[in-house]
Amino acid sequence: MHAARLHEYTDDMSEGLTIEEIDRPTIERSDGVLVEVIGAGWCQTDNHIIEGMWDEYVDQDLPMTLGHENAGRVVETGDEVDIVSEGDQVICHPVQTCGTCRPCRLGETMYCENQSFNGLTIDGGFADYLLTSERSVIPLPAGVDPAEIAPHADAGITAYHAAKKAVDELNPGDHATVIGVGGLGHIGVQCLDAMSAAEITAVDLKDEALELAEDLGVDHTVNPETDDVREFIDSVTDGTGATQVLDFVGADVTTEYAPDITAAGGDHHIIGYGGHIHEPAQALVNGEFSYVGNIVGQFSELQELVALVEQDEVDLHTSYYDLDDVNAVAEKLEHGEIEGRAVIRP
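Here is a short report on the structure shown in this document. (Residues numbered from 1 in each chain as written. Predicted model: local features only at pLDDT ≥ 70, side-chain atom pairs only at ≥ 80, totals over all residues. Heavy atoms only, no water.)

1. Side note on the overall build of the protein
A tally of regular secondary structure across the protein gives twelve helices and 18 strands. If you line up the protein on its principal axes, its C-alpha atoms span 60 × 40 × 40 Å. Counting across all 346 residues of the protein, residues that qualify as buried make up 54%. Just so you have it, the protein exposes about 15100 Å², and 42% of that area is on carbon and sulfur atoms. Placing the 14 positive and 69 negative side-chain charges of the protein at their respective mean positions leaves the two points 8 Å apart. (Helix = DSSP H or I, 4+ residues; strand = E, 2+ residues; numbered from the N terminus. Buried < 20%, exposed > 50% of the residue type's maximum accessible area, 1.4 Å probe, protein only. Areas by Shrake-Rupley, 256 points an atom, 1.4 Å probe, with all protein chains shown as cover. Lys, Arg positive; Asp, Glu negative; His and termini not counted. Charge placed at Lys NZ, Arg CZ, Asp CG, Glu CD.)

2. Regarding the side chain of D267
Mapped onto the secondary structure, D267 falls in strand β15 (residues 262–270). Buried and without a salt bridge, D267 has K165 as its closest oppositely charged side chain, separated by 8.7 Å. At a separation of 2.9 Å, a polar atom in the side chain of D267 contacts the side chain of Q244. Among residues more than four places away in sequence, those in contact with D267 are E169, T243, Q244, V245, T262, S290 and V292. (Salt bridge = Lys/Arg side-chain N within 4 Å of Asp/Glu carboxyl O. Polar contact = N/O pair within 3.5 Å; in protein donor to acceptor, adjacent residues only side chain to side chain. Contact = heavy atoms within 4.5 Å.)

3. Section: the pairing of strand β11 (residues 175–179)
In summary, the side chains of a regular strand alternate between the two faces of the sheet. Judged by how many residues are buried, β11 sits mostly within the fold: five of five residues are covered. What you see with β11 is no split at all: H175, T177 and I179 on one side and A176 and V178 on the other are buried throughout. Inspection of the sheet shows β11 paired to strand β14 (residues 242–247) by four bridges, in the parallel sense. Residue pairing in the sheet places A176 in a bridge with Q244 of β14. (Pairing = 2+ DSSP bridges.)

4. Some remarks on the nonpolar core
Among soluble globular proteins, nonpolar side chains are generally buried collectively. Core analysis: the largest hydrophobic core is formed by 81 residues, its most contacted members being L17, W42, I91, F126 and L192. The element best represented in this core is helix α4 (residues 155–167), accounting for eight residues. Among the nonpolar cores identified, the runner-up in size contains nine residues, and I179, A242, Y257 and I261 belong to it. (Core = buried A, V, L, I, M, F, W, Y, C linked by side-chain atoms within 4.5 Å.)

5. Describing the pattern of salt bridges
On inspection of all chains with the given rule, the structure shows seven salt bridges. A salt bridge links D123 to R5; the shortest N-O distance between them is 3.1 Å. Taken together, the residues span a long stretch of sequence, with D123 in the loop between β8 (116–117) and β9 (129–133) and R5 in strand β1 (residues 2–6) at a distance of 118 residues.

6. As for the packing of aromatic side chains
Here a ring pair, both rings aromatic, is described through the centre-centre distance and the interplanar angle of the planes. All told, the structure shown has four aromatic pairs when counted by the stated rule. A centroid spacing of 4.9 Å and a plane angle of 5° characterise the contact between W42 and F126, whose relative ring orientation is stacked. Within this pair, whereas W42 is found in strand β3 (residues 32–42), its partner F126 is found in the loop between β8 and β9, the two being separated by 84 residues in sequence. Owing to a relative accessible area of 2%, W42 belongs among the buried residues under this scheme. For F126, a relative accessible area of 0% corresponds to the buried category. (Phe/Tyr/Trp six-rings, centres within 6.5 Å; stacked < 30°, edge-to-face > 60°.)

7. Focus on the packing of α4 against helix α11 (residues 299–310)
Packing of α4 against α11 brings their axes to within 9 Å, and their N-to-C directions diverge by 95°. Judged by the inter-axis angle, α4 sits roughly perpendicular to α11. Within the contact between the two elements, α4 uses G156, I157, Y160, H161 and K164 and α11 uses E301, L302, E304, L305 and L308. When grouped by side-chain class, the residues that make up the contact of α4 with α11 number five nonpolar, two polar and three charged. (Axes fitted to C-alpha atoms, helices over the stretch in contact; angles between N-to-C directions. Parallel < 35°, antiparallel > 145°, perpendicular 65-115°, else oblique. Nonpolar A, V, L, I, M, F, W, Y, C, P; charged D, E, K, R; others polar.)

8. As for the sheet that holds β11
For sheets, the rule is that strands pair by backbone hydrogen bonds, running either parallel or antiparallel. Judged by pairing direction, the sheet is parallel, and its six strands sit side by side in the order β13-β12-β11-β14-β15-β16 without closing on themselves. What marks the edges here is a single partner per strand, and that holds for β13 (220–222) and β16 (290–293). Taken over all neighbouring pairs, the strand axes of this sheet differ in orientation by 20° on average, direction set aside. Across three bridges, strand β12 (residues 199–203) lies against β13 in parallel orientation. Pairing of T201 across the sheet is with H220, part of β13. Where helix α5 (residues 185–195) meets the sheet, it contacts β11, β12 and β14, and its direction lies at approximately 165° from that of β11.

9. Looking at the state of the cysteines
In this structure the tally under the stated criterion is zero disulfides. Of the cysteine sulfurs around C112, a residue in no disulfide, the closest is that of C104, at 3.6 Å. This cysteine, C191, is not joined by any disulfide, and C43 carries the nearest cysteine sulfur, 15 Å off. For C191, a relative accessible area of 0% puts it in the buried group. (Disulfide = S-S within 2.5 Å.)

10. Structural notes on helix α6 (residues 207–215)
Those residues of α6 lying buried are A209, L210, L212 and A213. With its buried residues spanning 155° around the axis, α6 presents them on a single face. Structurally, α6 contributes buried residues whose contacts are with α5, β12 and β13. The first or second residue beyond α6 is G217, which carries a positive phi of 110°. (Arc of directions from axis to C-beta.)

11. Re a negative patch on the surface
On the surface, a cluster of negative charge is contributed by E148, D193, E199, D219, E310, D312, E313 and D315. Mapping D193 onto the fold places it in helix α5. On the accessibility criterion, D193 (39% relative accessible area) is partly exposed. (Patch = residues over 30% accessible without salt bridge, like charges linked within 9 Å, V, L, I, M, F, W, Y side chains within 5 Å.)

So, in structure tokens, the structure goes:
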């Protein structure tokens, strides 16, 4: 089969991955599921993996096939698999869990002590076929295109995971701010709108992104290049600040907003990454706000997100590319030239 492989880390996205012919994976466990990939979302994290940013956090045995946002058609199952069968269309949670460690028993998918992560620690879905497990696949509702929904396997549940935590702290009349209405942010906006009665402000450098945010139901928009974000949030919240801030950028400039735009007792959720947090401890003590980290959501949260998609509450803005275009997609994303999500169709 064909696969897009990472052989060595590089900052040059134009030649990050190599298209190769490799052996089709084979099922070796009774809970194994082999999926023919119909759509695999490209994520900013893929660029970060190519750059080597994850090397100090996880073990990566190169060469490796990237791609952690995968959906497709089941072509083979292990002997004990009964959730899906050959021909079923599925979306694949990127993490394969053991099911027996304490975090798994508590339903904390991302904390599994024995996990494998497609496209990050083991081969992913930028290929004709993906090997996963029964614990990681969710059957798709009739009429849902696997290529369209594929980015929800990571981008979607990451945004949903953060929004769900934020919604738990939002009451009617409260204010939420979404920073960055890109591939993840435009999903986060929809999740917030669907699950809360809070007012929502969207922050982005691109007018097109702010127009999209308005179409998706936000109450206010602000462009940092033309307006002062701190003053704007102060004015629309009557000086109280945003109870919940969802930062889908995670750059130094956006994390620095926190002490000035987050309400007392509120949270600044870090979802995008690449920047740093440099704030005096006194700023956190004075405002009693928190920085909250977010990673890929739980398996159950992917189920919930699929339900929102089926109810037409969450829509993805996607563009499609062939497997041979992976490096061109990486370059486009690096330069901010992709609106919404890019999906590879092997």
